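The primary structure of each chain is shown beneath.
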Amino acid sequence: MWLRTPSPSAFAAIGAGIMATTAMPPFQGTGLLIVPALTLLLGALRASRSPARTAWLFGVVHQASLLHWLYQLGPDAPIASRTLIPAMATGAIVYVSLFYLLFGWIWGLVRRTFGAPVALALAPPLWVGMEALRSAGELSFPWCLSGAAVLATPWLGLAAAGGEQALGFWAVVAGAVMAAWSAVAARDIAYRIPALALTALLLAASVALVTGSRLPSTPADAPTFSVVAAQADVSLADKWHRERRDSTVVPYTALTAEAARRGADLVVWAETAVPAYLRVASNRVLLDWVSAVADTNDVYLFAGHPDVEAALDGNHRRYNGSSLFDADGVRRDGYAKHHLLPFGEVMPFQRLIPALGRLDLGQAEWRQGALPEPMAVIAHGDTLNIAAMICFESCLAPLSRHAARCGAEMLVNITNDGWFGFTAGPIQHAAMARLRAAETGLPLVRCANNGLSFVTDARGKVLDEAMLGQRRIVIADVTPGAGATTYVRYGTQPLLVLLLVWSAGVAVVAGRKRRG
């Protein structure tokens, strides 16, 4: 059995999985390791007797080393019992690794039908398709896709050309090029044509990324806004207890006052910063407090809080919500989280099987909100249109693209990662928000209860940052973004067309050779 006597392909898959993880946050300056990692994986698949198992092994090692922090979730994690944490962490790793298993199985099917050189030539569309499938549906989990490796490089701005998936496409094409030329160097002439074709594809993709990542110039008279993230570092053991509400009220009041003294126009509080259903009559004292903080300090205030509304059927619908208060303390707008975290915020597939809603794994059972739309912040006679993403939504590129296309000029990401602890988890999560800024060409302010909080420019460059466990404000001046990147305008459509044309070309050539 291969489990008892691991093959060279198995060892290569293990090494590739570890290398792929080191290309991701929290590591710095290692992003280009994703290319040799994929080269090693593709070489292993080429030589493996069972490509599906080899790819699955890569996926398990990569995801286990990337998501190991799931086993260290804190006591305040939204899970019914601490004993479920190992099972849920293992389930998440196994679930994601199944997509790599599917990739390897299709690779093996193509190899058996058309040969290994054709399978290698089709690696880019197969890989991109696998990551797209992993990003779709109620169980989508696009956490640190291969394109996220650019976060650990100076080339984050290239995300403006085609988004995270286009960067992943470039990485797998580069890996396929190296794997093909390695085979040619080993005197396997069957790989010569795929090597040449893949090299041409890599050059074309590189030119497209560079030319497509240019941002429009900022007008000289463009207004600037001073934006602040107030990282209160409230203990999760305190914030949900009514008798300990000062643990929330005191730091947020003080930090907002400090922000106002430093000239802030907009102050952002974290997800569920207000630990109660803010607009319920019984919590009027908290609503009055938030309103007074905005009014007293003459700032716009965007704060996360649970929300609820009465439905026509008499039931109450609960949301993971947020509110925007103007400088007079009046609630002007709000946002309720659109994409809910499966098992943490909602039990998935209830539309198909309503009985699933009766299972209790500690999930909040929020309702789904509408897609993010712009909300107006007015200061000094100028308007800044912001759009919100709550928690895990910063991993979902289509949401920020939608907001940009609707006229958003800055992204706001609020989250509460306190139950991640001092692990790689909050660092990886924060990095995803920077990708959204780079893709859309919009500045971004991220406020996390316990960190990381930061403000970035339109390229995803961090202007100011608060680390884990700090209580401080993050402040920076930003210029409204145009949201006119190539990715915002066209999404992944150019990549899809390229992959279809490439796949059709490979299929035609492979078919002719097979018939000949």
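Residues numbered from 1 in each chain as written. Predicted model: local features only at pLDDT ≥ 70, side-chain atom pairs only at ≥ 80, totals over all residues. Heavy atoms only, no water.

## Comments concerning the overall build of the protein chain
Now for step 1: The secondary structure content of the protein chain amounts to 15 helices and twelve strands.
Now for step 2: Once the C-alpha set of the protein chain is aligned to its principal axes, its extents read approximately 80 × 55 × 45 Å.
Now for step 3: Within the protein chain, the fraction of its 516 residues that count as buried is 56%.
Now for step 4: A separation threshold of at least 6 residues defines the contact pool for the protein chain, and within that pool the share at least 24 residues apart is 70%.
Now for step 5: Just so you have it, the protein chain exposes about 21500 Å², and 61% of that area is on carbon and sulfur atoms.
Now for step 6: Positive and negative side-chain charges in the protein chain, numbering 41 and 35 respectively, have mean positions lying 16 Å apart. (Helix = DSSP H or I, 4+ residues; strand = E, 2+ residues; numbered from the N terminus. Buried < 20%, exposed > 50% of the residue type's maximum accessible area, 1.4 Å probe, protein only. Contact = heavy atoms within 4.5 Å. Areas by Shrake-Rupley, 256 points an atom, 1.4 Å probe, with all protein chains shown as cover. Lys, Arg positive; Asp, Glu negative; His and termini not counted. Charge placed at Lys NZ, Arg CZ, Asp CG, Glu CD.)

## Describing the side chain of Arg 446
Now for step 1: With respect to the helices and strands, the residue Arg 446 is situated in strand β9 (residues 444-448).
Now for step 2: A polar contact of 3.0 Å, which involves the side chain of Arg 446, links it to the side chain of Asp 417.
Now for step 3: Of note is the side chain of Arg 446, whose polar atom sits 3.3 Å from the side chain of His 429. (Polar contact = N/O pair within 3.5 Å; in protein donor to acceptor, adjacent residues only side chain to side chain.)

## Comments concerning the side chain of His 429
Now for step 1: Relative to the helices and strands, His 429 resides in helix α13 (residues 424-440).
Now for step 2: Given a relative accessible area of 1%, His 429 falls into the buried group.
Now for step 3: For His 429, the residues in contact, after removing those within four places along its chain, are Trp 143, Cys 391, Phe 392, Ser 394, Cys 395, Thr 415, Asp 417, Phe 420 and Arg 446.

## As for the nonpolar core
Now for step 1: Ile 34, Leu 42, Leu 120, Trp 127 and Trp 143 are the most contacted members of the largest nonpolar core, which totals 90 residues.
Now for step 2: Sort the elements by how many residues they give to this core and helix α7 (residues 159-185) lands first, with 15 residues.
Now for step 3: Membership of the second largest hydrophobic core comes to 55 residues, among which are Leu 266, Val 293, Ile 390 and Met 410. (Core = buried A, V, L, I, M, F, W, Y, C linked by side-chain atoms within 4.5 Å.)

## With respect to the sheet that holds strand β11 (residues 462-466)
Now for step 1: Taking strand neighbours across the sheet as the criterion, the six strands line up as β6-β7-β8-β9-β10-β11 in an open arrangement whose pairing is mixed. Lying at the two open borders of the sheet, with one neighbouring strand each, are β6 (375-379) and β11. Between one strand axis and the next, the sheet turns through 20° on average, direction left out of account.
Now for step 2: By the bridge criterion, four bridges tie strand β10 (residues 453-456) to β11 in an arrangement that is antiparallel. Among the inter-strand pairings, Phe 454 is bridged to a residue of β11, identified as Glu 465. (Pairing = 2+ DSSP bridges. Axes fitted to C-alpha atoms, helices over the stretch in contact; angles between N-to-C directions.)

## What to know about the packing of aromatic side chains
Now for step 1: Under the definition given, this model contains twelve aromatic pairs.
Now for step 2: Between the aromatic rings of Phe 103 and Trp 127, the centroid separation amounts to 5.3 Å while the plane-to-plane angle is 90°, which identifies the pairing as edge-to-face. Here Phe 103, found in helix α4 (residues 84-114), pairs with Trp 127, found in helix α6 (residues 123-134); they are 24 residues apart in sequence, far enough to count as distant.
Now for step 3: Assessed through its relative accessible area of 3%, Phe 103 is described here as buried. (Phe/Tyr/Trp six-rings, centres within 6.5 Å; stacked < 30°, edge-to-face > 60°.)

## Quick word on a nonpolar patch on the surface
Now for step 1: Among the surface-exposed residues, Leu 102, Trp 105, Leu 109 and Leu 133 lie close enough to one another that they form a single nonpolar patch of about 360 Å² accessible area.
Now for step 2: For the nonpolar patch, the leading source of residues is α4, giving three residues.
Now for step 3: Of note, Leu 133 is situated in helix α6.
Now for step 4: Its relative accessible area of 43% is what places Leu 133 among the partly exposed residues. (Patch = residues over 30% accessible without salt bridge, like charges linked within 9 Å, V, L, I, M, F, W, Y side chains within 5 Å. Salt bridge = Lys/Arg side-chain N within 4 Å of Asp/Glu carboxyl O.)

## Quick look at the sheet that holds strand β1 (residues 225-231)
Now for step 1: Spatial strand order, β5-β4-β3-β2-β1-β12: six strands in an open sheet with mixed pairing. Strands with a single pairing partner mark the edges of an open sheet, and in this sheet they are β5 (331-336) and β12 (472-478). The average angle at which neighbouring strand axes cross in this sheet is 35°, direction not considered.
Now for step 2: Bridge count between strand β4 (residues 316-325) and β5: five bridges; the pairing is antiparallel. Residue Ser 323 lies in a different strand from β5, and its bridge partner there is Gly 334.
Now for step 3: Against the sheet, helix α11 (residues 284-297) makes contact with β3 (300-310) and β4, and its axis sits at roughly 20° relative to β4, the strand it touches most.

## What about α4?
Owing to its 3.6 residues per turn, the α-helix brings residues three or four apart onto one side.
Now for step 1: Spanning 31 residues, α4 covers 45 Å between terminal C-alpha atoms, matching the ideal 45 Å at 1.5 Å per step.
Now for step 2: Gly 115 sits one or two positions beyond α4 and adopts a positive phi of about 105°. (Expected span 1.5 Å × (residues − 1).)

## Observations regarding the pairing of β6
Now for step 1: Here β6 shows a clear split, with Met 375, Val 377 and Ala 379 buried on one side and none of Ala 376 and Ile 378 buried on the other.
Now for step 2: Bridge count between β6 and strand β7 (residues 382-390): five bridges; the pairing is antiparallel. In the sheet register, Val 377 faces β7, and the bridge partner there is Leu 384.
Now for step 3: Hairpin connection of β6 to β7: two residues between the antiparallel strands, including His 380 at a positive phi of 55°.

## Overview of the pairing of β7
Now for step 1: Judged from the five bridges that link them, β7 and strand β8 (residues 410-415) form a sheet pairing that is parallel. By the bridge assignment, Ile 390 is partnered in β8 with Ile 414.
Now for step 2: Tracing the backbone out of β7, into helix α12 (residues 397-405) and back to the parallel element β8 gives a crossover that is right-handed. (Right-handed = clockwise from strand over helix to strand, strands pointing away.)

## Things to note about the pattern of salt bridges
Now for step 1: Enumeration according to the criterion identifies nine salt bridges in this entry.
Now for step 2: A salt bridge links Glu 164 to Arg 436, with the shortest nitrogen-to-oxygen separation between them at 3.0 Å. Taken together, the positions of Glu 164 in helix α7 and Arg 436 in helix α13 put the pair 272 residues apart, joining distant regions of the chain. With respect to burial, Glu 164 and Arg 436 carry one shared label: buried.
Now for step 3: Between Asp 417 and Arg 446 there is a salt bridge; the shortest N-O distance is 3.0 Å. Of this pair, Asp 417 sits in the loop between β8 and α13 while Arg 446 sits in strand β9, and the two are 29 residues apart along the sequence.
Now for step 4: A residue is classified by how much of its surface remains accessible, and Asp 417, at 2% relative accessible area, is buried.
Now for step 5: Here the salt bridges share partners, and the residues they tie into one network are Glu 164, Arg 436 and Glu 439.

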